[in-house]
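Chains, contacts and geometry: an overview
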Amino acid sequence: MFSRPAWAGPGKVERFEQALLPHLDAAFNLARWLTGNQQDAEDVVQEAYLRALTFFDSFRGADGRAWLLTIVRNTCYTWLRKNRPNEVSVAFDEELHTTGPEPGNPETLALQSADRRLLATVLEELPREFREVLILREWEGLSYQEIASVAGIRIGTVMSRLARARERIARHLHDRLSKEPKSGL
């Protein structure tokens, strides 16, 4: 007769799947932006989900997304300290961080692609702590309080990092765009 492992109490796996599997895309998105590539992000997310399952009994059902993203974030930083202790920034992989083009005319598609590449490049130049709060806010739609909880920082620090990240993005975009030659139409 099969005996259930101690960590897998009655209904635990089903409750876990119901509470946390809907947030797999958000977990992967955060991990991909923090690690810089798909393979490492997949490994980190897998490890994070294993940790989440192991400690699922401590989850009180308030906000599964924030709880999971906290675990993903912590797992990412543990992984980065172990595997890339001296890394200052990570390279951006165009194929991993952009979506496929939508139907449209070639000129519009070219401009959209250039805009995405420019924004992605600017995001990669941000310090990781700025990029992290920006991704959690703008891509994942977390509130300031949720970001503070996920990142383990004060809400004022969240606001400060977001303001600095947005300021740096604006400055980088202005600098890059002002250097581009003007077309004489």
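Look up a bit, the structure's there.
Residues numbered from 1 in each chain as written. Predicted model: local features only at pLDDT ≥ 70, side-chain atom pairs only at ≥ 80, totals over all residues. Heavy atoms only, no water.

Observations regarding the environment of T75
Our working rule: To qualify as a helix, a DSSP run of H or I must reach at least 4 residues; to qualify as a strand, a run of E must reach at least 2; elements of each kind are numbered from the N terminus. A 1.4 Å probe rolled over the protein chains alone gives each residue an accessible area, and that area as a share of the maximum for its type sets the label: buried under 20%, exposed over 50%, partly exposed in between. Pairs of residues are marked as contacts when any of their non-hydrogen atoms sit within 4.5 Å.
The residue T75 is located in helix 4 (residues 64-83) in this model. For T75, a relative accessible area of 3% translates into the label buried. Not counting residues up to four positions away in its chain, the partners in contact with T75 are V44, E47, A48 and R51.

Observations regarding the packing of aromatic side chains
By convention here, two paired aromatic rings are described through the distance between centres and the angle between planes. Put simply, the rule reads: Two aromatic rings, drawn from Phe, Tyr or Trp (for Trp, its six-membered ring), form a pair once their centres lie within 6.5 Å of each other, and the interplanar angle then sorts them: stacked below 30 degrees, edge-to-face above 60, tilted otherwise.
Evaluated as defined, the whole model comprises six aromatic pairs. Considering the side-chain rings of W33 and W139, the 6.0 Å spacing of their centres and the 50 degrees angle between planes classify their relative orientation as tilted. Here W33 is found in helix 2 (residues 24-35), whereas its partner W139 is found in helix 7 (residues 128-139), with 106 residues between them in sequence. When the centroid spacing of 5.0 Å and the interplanar angle of 45 degrees are considered together, the rings of F59 and W67 count as tilted. Summarising the burial analysis for this pair, F59 and W67 share the class buried. Linked through ring pairs, F16, Y49, F56, F59 and W67 together constitute an aromatic cluster.

Geometry only, nothing functional implied.
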